[in-house]
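So the chains spell out like this:
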Amino acid sequence: MTYAFLYKELTCLKKMFKLNNLHGVGKTIRPCWLTKGRLLKTDIIEKNNNQYVLTSLYQDLFAEWTNMKYVITFYGQGHEKVDKHILMINPRKLITYEEDIYDVLVGYYLYDTIGIRNYILDHLDVNFEMKVPDDMRFRIVIDKDKYEALMKMDETVIDELSQKCNIHKSVLKKYAGKISNKDILKTVICHDVENDIKMCVDVITDKNANYLLKRIVKNDNTQYVLFICDSSVLPQELQNMQ
């Protein structure tokens, strides 16, 4: 099921019903009394004993929305740079939130692993069938200093990682060159709500490979995960805080 809202309506609902975990919706921009009248003319809210309440049609949506366990946010994935698309996941339901400069479309679905996979690949414009050549595929976990040295093409660090992980130096250099290209880089923000862990994932995909960089923030420490992977692995990596 798909619901259409104005952004002001969502910020008003968030304030009215104290929906603090309404992922993707910011603070109320203006006092919401003007919006209440518009909401009452829809089937979103109604008055019950002089109190505003959500109608039964929307009670389940907002109850699940405020109890999402994992949130993946894609920025600038639509026709406008301001577009924000969000995929929210819990063991029961999926909610998609697609915001542009005019309005917000909210999709509400039963939990579906194939749906999650397809949504992620579609928003990153990734071909599911793509497989990386064996000699390019790798996954490395390093600290910030080594990551920054690799991005600067430090030969000592490249030699060390090449020997330790059995990766040809040319592959590491190609990775560093690709992932530093801001013009084609797509960035996704992931939030493990239950454990309050956040992860920033940079993605570049071409006809031969997917280049990913995960920066995982735990207890004020940042872990860097660098890899080149098949497309089938990518959706799981966006849901894996390791």
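None of the values given here were measured: they were computed from a predicted structure. (Residues numbered from 1 in each chain as written. Predicted model: local features only at pLDDT ≥ 70, side-chain atom pairs only at ≥ 80, totals over all residues. Heavy atoms only, no water.)

Section: the overall build of the protein
When helices and strands are counted, the protein shows 8 helices and 12 strands. Its C-alpha atoms give the protein principal-axis dimensions of roughly 70 × 35 × 30 Å. Counting only residues that meet the buried cut, the protein has 45% of its 242 residues in that class. For the protein, the proportion of contacts with a sequence separation of at least 24, taken over those separated by at least 6, is 52%. Here the protein displays about 13400 Å² of accessible surface, and carbon together with sulfur accounts for 47% of that area. (Helix = DSSP H or I, 4+ residues; strand = E, 2+ residues; numbered from the N terminus. Buried < 20%, exposed > 50% of the residue type's maximum accessible area, 1.4 Å probe, protein only. Contact = heavy atoms within 4.5 Å. Areas by Shrake-Rupley, 256 points an atom, 1.4 Å probe, with all protein chains shown as cover.)

Observations concerning the packing of aromatic side chains
Given two aromatic rings, one states the distance between the centres and the angle between the planes to describe the pair. Under the definition given, this model contains 11 aromatic pairs. Here Tyr 3 and Phe 5 contribute two aromatic rings whose centre-to-centre distance is 6.5 Å and whose plane-to-plane angle is 25°, an arrangement assigned as stacked. Overall, the relative accessible area of 5% leaves Tyr 3 in the buried class. On the basis of relative accessibility, which here comes to 2%, the residue Phe 5 falls in the buried class. For the ring pair Phe 62 and Trp 65, a centre distance of 5.6 Å and an interplane angle of 10° mean the geometry is stacked. Taken as a pair, Phe 62 and Trp 65 lie in helix H3 (residues 56-65) at a separation of 3 residues, close to a single helical turn. (Phe/Tyr/Trp six-rings, centres within 6.5 Å; stacked < 30°, edge-to-face > 60°.)

Quick notes on the packing of helix H5 (residues 144-151) against helix H6 (residues 155-165)
Between H5 and H6, the shortest axis-to-axis distance is 8 Å and the interhelical angle comes to 110°. One finds that H5 runs roughly perpendicular with respect to H6. As H5 packs across H6, the resulting crossing turns out to be left-handed. Contacts between H5 and H6 involve Lys 146, Ala 149 and Leu 150 on the former and, on the latter, Val 157, Ile 158, Glu 160 and Leu 161. (Axes fitted to C-alpha atoms, helices over the stretch in contact; angles between N-to-C directions. Parallel < 35°, antiparallel > 145°, perpendicular 65-115°, else oblique. Left-handed = near helix turned anticlockwise from the far one by under 90°.)

Purely geometric numbers; function is a separate question.
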